Amino acid sequence: MQEMRNDGVHSPVIPADRVISMTELQKLSLRRLRELRLAESPLIVRDVKRGRGRFVILDHEVWVRLAGGAATGHADTGDLVAVDFAGRGLLWDRPEMTNADFVGFLATPDRPDGRWAWRRVLERLPSDLITRAVPLPALRRILDAVRPGPRMRAAWEAALEFWTTEARDRIA
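Reading the values: rules and limits
Residues numbered from 1 in each chain as written. Predicted model: local features only at pLDDT ≥ 70, side-chain atom pairs only at ≥ 80, totals over all residues. Heavy atoms only, no water. Core = buried A, V, L, I, M, F, W, Y, C linked by side-chain atoms within 4.5 Å. Buried < 20%, exposed > 50% of the residue type's maximum accessible area, 1.4 Å probe, protein only. Helix = DSSP H or I, 4+ residues; strand = E, 2+ residues; numbered from the N terminus. Contact = heavy atoms within 4.5 Å. Phe/Tyr/Trp six-rings, centres within 6.5 Å; stacked < 30°, edge-to-face > 60°. Lys NZ or Arg CZ within 6 Å of the ring centre and 35° of its normal. Axes fitted to C-alpha atoms, helices over the stretch in contact; angles between N-to-C directions. Parallel < 35°, antiparallel > 145°, perpendicular 65-115°, else oblique. Left-handed = near helix turned anticlockwise from the far one by under 90°. Nonpolar A, V, L, I, M, F, W, Y, C, P; charged D, E, K, R; others polar.

Caption draft 1: Representation of the nonpolar core within the structure. Leu80, Phe85, Phe102 and Val121 are the most contacted members of the largest nonpolar core, which has 26 residues in total. For this core, the secondary structure elements donating two or more residues are helix H4 (99–106), helix H5 (112–124), helix H6 (127–133), helix H7 (136–146) and helix H8 (150–171). Among all residues touching Phe85, those that are not within four sequence positions of it are Leu80, Leu90, Leu91, Asn99, Phe102, Val103, Leu106, Val121 and Leu125. Judged by nonpolar contacts, the second largest core, of seven residues, contains Leu36, Leu38, Leu43 and Val45.

Structure (structure tokens):
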């Protein structure tokens, strides 16, 4: 939900219980701060005394996702939507899962099911299929979110570096 400000800019409507003063922030214990579930909704702090307006406190994973430029909660799954994951044997241990369910998991690499799905894709699908379907910058963000094992991560990082360098060389 958004509201229109006087200057014509849309700003989100923030629930009153998510806006606190600097004094209230100073009184918050770490335990209470964790209970606020910052991954679900940020905390807005008003700094009235210094006239600095407001600042936001976010969960670290949310901040990483926003700083990386990915859409909140969703990865760029590209053309992977068209892949028959079940037919390629990726869903062997989850026979009730559909391809659409699997793609839904791929859309959230920062969640446990999303990390599982992306690990499976990175381990078992051909790299040329993945790189045709997902842009390299999005694949880098996914690799950071998924945190595969050291061998898998090293292989993908080397491949991404090679493809990025190769692309730069072709342009030059």
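Caption draft 2: Spotlight on the environment of Gly104. Tracing the backbone shows Gly104 in helix H4. Assessed through its relative accessible area of 37%, Gly104 is described here as partly exposed. Remark: the alpha-carbon pair of Gly104 and Ala117, spanning 13 residues in sequence, is separated by 9.4 Å.

Caption draft 3: The packing of aromatic side chains, seen in detail. For the structure shown, the criterion picks out four aromatic pairs. A centroid spacing of 4.6 Å and a plane angle of 50 degrees characterise the contact between Phe85 and Phe102, whose relative ring orientation is tilted. Of the two residues, Phe85 sits in the loop between helix H3 (60–67) and H4 while Phe102 sits in helix H4, which places them 17 residues apart along the sequence. For the pair formed by Phe85 and Phe102, the shared burial category is buried. Each ring, one from Phe105 and one from Trp116, has its centre 6.3 Å from the other, and the planes form 80 degrees; the classification is edge-to-face. Of this pair, Phe105 sits in helix H4 while Trp116 sits in helix H5, and the two are 11 residues apart along the sequence. Taken together, the ring pairs connect Phe85, Phe102, Phe105 and Trp116 into an aromatic cluster. Over the ring of Trp116 we find Arg94; its NZ or CZ atom is 3.8 Å from the centre of that ring.

Caption draft 4: Examining the packing of H5 against H7 more closely. The interhelical angle for the contact between H5 and H7, taken along N-to-C directions, is 120 degrees, at an axis separation of 10 Å. On the basis of their axis angle, the class for H5 and H7 is oblique. Handedness of the crossing formed by H5 with H7: left-handed. Where H5 abuts H7, its residues Arg115, Trp118, Arg119 and Leu122 lie against Leu139, Ile142, Leu143, Ala145 and Val146. For the contact of H5 with H7, the class distribution of residues is seven nonpolar, no polar and two charged.

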